[in-house]
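# Descriptive structure summary
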Amino acid sequence: VSETGCLSIVVLGASGDLAKKKTFPALFNLYRQGFLQSNEVHIFGYARTKISDDDLRNRIRSYLEKGSAKSEEVSEFLQLIKYVSGSYDTEGGFRMLDKEISLHEEFRNSTEGSSRRLFYLALPPSVYPVVCRMIKLCCMNKCGWTRIVVEKPFGKDLDSAEKLSNQIGELFEEPQLYRIDHYLGKELVQNLLVLRFANRFFLPLWNRDNIDNVQIVFREDFGTEGRGGYFDEYGIIRDIIQNHLLQVLCLVAMEKPVSLKPEHIRDEKVKVLQSVMPIKDEEVVLGQYNEVVLGQYHGYRDDSKVPDHSNTPTFASIILRIHNERWEGVPFILKAGKALSSKKADIRVQFKDVPGDIFNCMSSNHAIRILLDHSIRKSMSVKQPGLEMSTVQSELDLSYKQRYHGVTIPDAYERLLLDTIHGDQQHFVRRDELKAAWDIFTPLLHRIDIGELKPISYQQGSRGPAEADELLLRAGYIRTHGY
Ligand code: BG6
């Protein structure tokens, strides 16, 4: 499989939000850093809107002119982009697209086996099957590889996800399919395997004998503004927990893979997912940001695209239990919420108390926290400096900004796009992983969908429903300063 030569990147849904905010800026950053060479790469935007090349370039420009980007660099990059308009379900547009790509390939004198075609579907999943069919019919690379990148949501439950997987799987082989979960492209998520398996002191501690509970938390301090329509159909569990947080859980809980080969890593992740026990009702708290004032809801339901009686959770705290030798009895608390008091994403691993404590430590409950906005903190007991023999909780603190001053941390999408170009599937979700992830959440989601489980109202800007804090306490969580 060739990893060099003429490269055509096609962004389908080129005029949409995802393409403008994430895909094109990530491609631009790769270009600036020399990962995309102007004598090799050409980028094609494809969408239904009838606009010119320049119209598309102008729409994208402001998303690229950020930070240290120079406007000449932006202009150079934009010149690599061509636009083709066409529908997603008929051949005409795709034949035209194929013609444009072929022209580019001929111009670049693609020798046999050395042309590469990457199709990025920045589109709603409902059109994935038909778009994949059109690509297969009209745009396959005849002398090199063709790869397809898709974004979540991959289905709404086990059946719909399997249906989608079957439809796409009939057209493309698994090594051609790159299912993005952008959390797998985050620096600190990628650091998890290194932290766990390259540090001797963690190896013997990382198990049920020493760890009391694990929390994986996503909080946002804004609501679903502008995305109410999408969000109401999916809710927080499908939007964040079933994918992003569960992927993080896999990396925290999996056994050491045989090697760093993508299949070895993904094999271990699947085993974790398959060991998750059915979720218990009493270990779930759902919320929706809505204050009830004089019998009226204010908050999420104010969005015109959200139905007045929506039962969709914008907050969920769920305990998962892994039934295996390493983790039996250790609660993994997955918590995510919109419109809360702060924005953060982090992993907190809480260790058990020291047995036979001779210092009378009120809080020997140490934790390690991995904050996805780039720091790692480990709390520990130390002697309170001074004449007395007393202890205090302090911390080892690795802040990336201070320690790696001047190092630019790549955006998740940049990394994942580059991996796709290099054919490295390590940080992408394999089909069996996806199925196992849906297996865990589908029964709960169905009960929410039919209104059997209802979210509790919470105030915008709060910590979420108080019941979620109670659930945490029941799971053994002990709050320590800053942890
Ligand atoms: C997306 C969700 O997948 O992730 C959004 O659809 C969420 O609802 C976003 O805001 C969060 O990503 P990040 O990288 O800002 O944590």
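Look above for the structure.
Right, let's walk through the structure included here. These numbers come from a predicted model, not from an experiment. (Residues numbered from 1 in each chain as written. Predicted model: local features only at pLDDT ≥ 70, side-chain atom pairs only at ≥ 80, totals over all residues. Heavy atoms only, no water.)

### Considerations on empty space enclosed by the protein
One water molecule sets the probe size; rolling that probe over the atoms shows where empty space is left. Here the structure, examined in full by the defined rule, presents three cavities of 30 Å³ or more. Roughly 130 Å³ of internal volume is contained in the largest cavity. Lining the largest cavity are 15 residues, and of these Phe154, Asp181, Gln242, Asn243 and Leu434 lie nearest its centre. At the level of elements, α8 (228–253) and α12 (431–449) are the ones that each hand at least two residues to the lining of the largest cavity. Considering only residue class, the lining of the largest cavity consists of seven nonpolar, four polar and four charged. In this structure, the second largest cavity encloses a volume near 90 Å³. Lining the second largest cavity, in full, are Tyr128, Val150, Phe154, Ala161, Leu164, Ser165, Ile168, Leu177, Arg179 and Leu434. Where the lining of the second largest cavity is concerned, the elements lending two or more residues are α6 (158–169) and β6 (177–180). Among the elements that take part in the lining of the second largest cavity, α6 stands out by supplying four residues, more than any other. Split by residue class, the lining of the second largest cavity holds eight nonpolar, one polar and one charged. (1 Å grid on protein atoms, 1.4 Å probe; cavity = no way out; pocket = protein on both sides within 12 Å on 5 of 7 lines; lining within 4 Å. Points joined across faces, edges and corners; volume = space filled by probe spheres on them. Helix = DSSP H or I, 4+ residues; strand = E, 2+ residues; numbered from the N terminus. Nonpolar A, V, L, I, M, F, W, Y, C, P; charged D, E, K, R; others polar.)

### Thoughts on the sheet that holds strand β5 (residues 144–151)
The six strands are arranged β3-β2-β1-β4-β5-β6 in an open sheet whose pairing can be described as parallel. The outermost strands of the open sheet, each flanked by one partner alone, are β3 (81–85) and β6. Between one strand and the next, the sheet's axes are offset by a mean angle of 20°, whatever the strand orientation. Across four bridges, the pairing between β5 and β6 is parallel. (Pairing = 2+ DSSP bridges. Axes fitted to C-alpha atoms, helices over the stretch in contact; angles between N-to-C directions.)

### Concerning helix α3 (residues 71–78)
For α3, every residue scored as buried is listed here: Val74, Phe77 and Leu78. End-on view of α3: buried residues confined to an arc of 95°, all on one side of the axis. Where α3 is buried, its residues touch α1 (17–32), β2 (41–47), α2 (53–64) and β3. (Buried < 20%, exposed > 50% of the residue type's maximum accessible area, 1.4 Å probe, protein only. Arc of directions from axis to C-beta. Contact = heavy atoms within 4.5 Å.)

### Some words on the site of the ligand
If you check the shell around the ligand, you find Lys152, His182, Tyr183, Lys186, Phe218, Glu220, Arg227, Asp239, Ile240, His244, Lys338 and Lys343 and nothing else. One of the side-chain nitrogen or oxygen atoms of His182 is found 2.8 Å away from an oxygen atom of the ligand. With respect to the ligand, the side chain of Glu220 contributes an N or O atom lying 2.5 Å from an oxygen atom. The element best represented in the shell around the ligand is α8, accounting for three residues. (Near = heavy atom within 4 Å. Polar contact = N/O pair within 3.5 Å; in protein donor to acceptor, adjacent residues only side chain to side chain.)

### Some words on the pattern of salt bridges
Any two side chains of opposite charge can pair if their charged atoms end up close together. Applying the stated criterion to the full structure yields 30 salt bridges. For Arg95, the salt bridge goes to Glu91, with nearest N and O atoms at 2.8 Å. Residue Arg95 and its partner Glu91 are located together in helix α4 (residues 91–107), separated by four residues, close to a single helical turn. A salt bridge links Asp267 to Arg430; the shortest N-O distance between them is 2.8 Å. Of the two residues, Asp267 is situated in helix α9 (residues 262–274) and Arg430 in the loop between α11 (412–422) and α12; the sequence distance between them amounts to 163 residues. (Salt bridge = Lys/Arg side-chain N within 4 Å of Asp/Glu carboxyl O.)

### Focus on the packing of aromatic side chains
This structure, assessed with the given rule, holds 14 aromatic pairs. When the ring of Tyr46 is compared with that of Phe94, the centres are 4.8 Å apart and the planes differ by 35°; the resulting orientation is tilted. Here Tyr46 is found in strand β2, whereas its partner Phe94 is found in helix α4, with 48 residues between them in sequence. As far as burial versus exposure is concerned, Tyr46 and Phe94 are alike and both buried. (Phe/Tyr/Trp six-rings, centres within 6.5 Å; stacked < 30°, edge-to-face > 60°.)

### Let's talk about unusual backbone geometry
Cis geometry marks the peptide bond from Lys152 to Pro153; its omega dihedral reads 0°. Along the polypeptide, Pro153 turns up in the loop between β5 and α6. The phi dihedral of Ala339 is positive, around 55°, even though this residue is not glycine. Mapping Ala339 onto the fold places it in the loop between β11 (331–337) and β12 (344–351). For Ala339, a relative accessible area of 4% translates into the label buried. Its identity as a non-glycine residue notwithstanding, His374 has a phi of 90°, on the positive side. Structurally, the position occupied by His374 is in the loop between β13 (367–371) and β14 (375–383).

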